[in-house]
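Residues per chain, in single letters:
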Amino acid sequence: MLVTTKDMFEKSMKEGFAIGAFNVNNMEIVQAIMDAAAENKSPVILQASSSAIKYARIGYLMKMVEAAVEEHPEVPVAIHLDHGPDFETAKMCIDHGFTSVMIDGSKYDFEENVRLTKQVVDYAHSKGVVVEAELGKLAGIEDDVNVAASDAMYTDPAQAEEFVKRTGCDSLAIAIGTSHGAYKFKGEAKLRFDILKEIKERIPNTPIVLHGASTVIPELVEMCNKYGAELPGAKGVPDEMLKQASESGVSKINVDTDLRLALTAGIRKVLVEEPSAFDPRKYLTPARELVKQTVSHKMKDVFGSSNKI
Ligand code: G3H
Ligand code: 13P
Ligand code: ZN
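Since the structure is predicted, the reported quantities are computational estimates derived from the model, not experimental observations.

(A) Representation of the site of ligand 1. Around ligand 1 lies a shell formed by N23, S49, S51, D82, H83, H180, D256 and R260. R260 is positioned such that a nitrogen or oxygen atom in its side chain is 3.0 Å from an oxygen atom of ligand 1. With the chains in place, 69% of the 310 Å² that ligand 1 exposes on its own is no longer accessible. A breakdown of the residues in the shell around ligand 1 according to their chemical character gives no nonpolar, 5 polar and 3 charged.

Next up, the structure:
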């Protein structure tokens, strides 16, 4: 069933689990995520960035989502714009049937972020669509950055309260130490759970979103490297930290990098082990299975969203 994130977030906040938001770019990824969600009886968010929309084309994307919903009618699914860069992109997605959009004004100053977010909220709400906004800057915390400078990148809890009040956004992405991509930490992984707690105290009814939250699963990195990739020093957020976040008020956890690694590892293995293979189904079938297992592991063992339909 195609839904907004409203009810799934309400349940997640009440029961202390998180919902995985997985980036989609093609049919195999959509199928893998939806098969995992159905098997786990888990709600799920499919999300597409503006570059994913350019790649897959919005019409194809919506038809794939439609097909997935038809195949698994019992699974609550939201289709969400990831990192909407401007009002026009958010509007285009809303007009094409997205049930949720993110407007990412985190690159602007506070007042411009409020203005842009409010503009999207007004349009989205008039169409029954929900809005995720972002406050704080996601960036790798370098070893040598001093505390004062790194503190400036984290979301300020008092500002978060004001931001939500003024914009009316439905959920808020925060910066507590995660970052996008396969190279998140130089040294030990570290998340600021103290800031998360303060934010939750100030806006207890606003679902919190964690971007840049891939684990950069070591087995997948090893598999990629074994079959010819070069990803030295790739590192993400360990499962235990994501589990803690899921139980501490984070409602949505964004995952793209781990799916990219799974698909790439699966494809590479076949191409290296069977140099004569050139039927795409030969390498995309096991690659899709690996994406499915990756999603399933997160739902069952990390986010706690299994059996939450
Ligand atoms: O947070 C960004 C996502 O990983 C999407 O990346 O813009 O390359 O599709 P993309
Ligand atoms: P990762 O790069 O950690 O998978 O983060 C994805 C994300 O935040 C998408 O918005
Ligand atoms: Zn993101």
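So much for the structure itself; the text now carries on.
(B) Local environment of unusual backbone geometry. Positive phi outside glycine occurs at V216, with the angle close to 50°. If you check the backbone angles, N307 has positive phi at about 60° while not being a glycine.

(C) Main features of the pattern of salt bridges. Applying the stated criterion to the full structure yields 21 salt bridges. Where K6 meets E10, a salt bridge forms, and the shortest distance between an N and an O atom there is 3.7 Å. In this pair, K6 and E10 are both assigned in helix 1 (residues 6-15), 4 residues apart and thus about one turn of the helix distant.

(D) Here's a closer look at the pairing of strand 1 (residues 19-23). Across the 5 residues that make up strand 1, a large majority, 5, are buried. Where burial is concerned, the two faces of strand 1 agree: the one with I19, A21 and N23 and the one with G20 and F22 are both buried. As defined by bridge partners, strand 1 adjoins strand 8 (residues 250-255) across 4 bridges and the pair is classed as parallel. Pairing of A21 across the sheet is with N254, part of strand 8. Note that strand 1 and strand 2 (residues 44-49) share 3 bridges and pair parallel. For F22, the partnering residue across the bridge sits in strand 2 and is L46.

(E) Local environment of the packing of helix 5 (residues 87-95) against helix 6 (residues 110-126). Interhelical geometry of helix 5 versus helix 6 gives an angle of 15° and a closest axis separation of 10 Å. Here helix 5 is positioned roughly parallel relative to helix 6, judged by the angle of their axes. For the crossing formed where helix 5 meets helix 6, the hand is right-handed. When helix 5 is examined against helix 6, the residues F87, A90, K91, I94 and D95 are found in contact with a partner set consisting of L116, Q119, V120, Y123 and A124.

(F) Spotlight on helix 2 (residues 27-40). Compared with an ideal rise of 1.5 Å per residue, which puts 14 residues at 20 Å, helix 2 spans 20 Å between its outermost C-alpha atoms and is within 8% of the ideal. Burial analysis of helix 2 places 10 of its 14 residues in the buried class, which makes it a mostly covered element. Among the residues making up helix 2, those that are buried are E28, I29, V30, A32, I33, M34, A36, A37, A38 and N40. Just beyond helix 2, the residue with positive phi is K41, at close to 50°.

(G) Quick peek at the pairing of strand 2. Counting buried positions along strand 2 yields 6 of 6 residues, so the element is predominantly enclosed. Every second residue of strand 2 is oriented toward a common face, with V44, L46 and A48 on one face and I45, Q47 and S49 on the other, all of them buried. Regarding the hand of the β-α-β motif, the stretch spanning strand 1, helix 2 and strand 2 is right-handed. Pairing of strand 2 with strand 3 (residues 77-84) involves 6 bridges; the strand directions are parallel. Looking at the pairing, V44 lines up with V77 of strand 3.

(H) Quick look at the nonpolar core. F22, I33, V44, L46, F98, V101 and L172 are the most contacted members of the largest nonpolar core, which totals 92 residues. Per-element accounting of this core gives the leading share, 8 residues, to helix 2. For L46, the contacting residues outside a window of four places in its chain are F22, V24, V30, I33, M34, V65, V77, A78, I79 and H80. If you look at the next biggest cluster of nonpolar residues, it comprises 7 residues, including M8, F9, I19 and A78.

(I) Structural view of the site of ligand 2. Taken together, 15 residues lie near ligand 2, and D82, K184, S214, D256 and T257 sit nearest. Contact between ligand 2 and H83: an oxygen atom at 3.2 Å from a side-chain N or O atom of the residue. Within the side chain of S214, an N or O atom sits 2.6 Å from an oxygen atom of ligand 2. Here ligand 2, which alone exposes 310 Å², has 96% of that area covered by the protein. At the level of elements, strand 3 and strand 8 are the ones that each hand at least two residues to the shell around ligand 2.

(J) Inspection of the coordination of the zinc ion (ligand 3) at higher detail. Within the protein, the zinc ion (ligand 3) binds to H83 (NE2), H180 (NE2) and H211 (ND1); these donor distances fall in the range 2.0 to 2.1 Å. Counting gaps between the donor residues of the zinc ion (ligand 3) yields the pattern H-x96-H-x30-H. Taken together, the residues H180 in the loop between strand 6 (171-174) and helix 9 (193-202) and H211 in the loop between strand 7 (208-210) and helix 10 (218-226) connect sequence positions 31 residues apart. Residue H180 is classed as partly exposed on the basis of its relative accessible area of 46%.

Rules of the game
Residues numbered from 1 in each chain as written. Chains lettered and ligands numbered in written order. Predicted model: local features only at pLDDT ≥ 70, side-chain atom pairs only at ≥ 80, totals over all residues. Heavy atoms only, no water. Near = heavy atom within 4 Å. Polar contact = N/O pair within 3.5 Å; in protein donor to acceptor, adjacent residues only side chain to side chain. Areas by Shrake-Rupley, 256 points an atom, 1.4 Å probe, with all protein chains shown as cover. Nonpolar A, V, L, I, M, F, W, Y, C, P; charged D, E, K, R; others polar. Salt bridge = Lys/Arg side-chain N within 4 Å of Asp/Glu carboxyl O. Helix = DSSP H or I, 4+ residues; strand = E, 2+ residues; numbered from the N terminus. Buried < 20%, exposed > 50% of the residue type's maximum accessible area, 1.4 Å probe, protein only. Pairing = 2+ DSSP bridges. Axes fitted to C-alpha atoms, helices over the stretch in contact; angles between N-to-C directions. Parallel < 35°, antiparallel > 145°, perpendicular 65-115°, else oblique. Left-handed = near helix turned anticlockwise from the far one by under 90°. Contact = heavy atoms within 4.5 Å. Expected span 1.5 Å × (residues − 1). Right-handed = clockwise from strand over helix to strand, strands pointing away. Core = buried A, V, L, I, M, F, W, Y, C linked by side-chain atoms within 4.5 Å. Donors = N, O, S within 2.8 Å, 3.2 Å for Na, K, Ca; no water.

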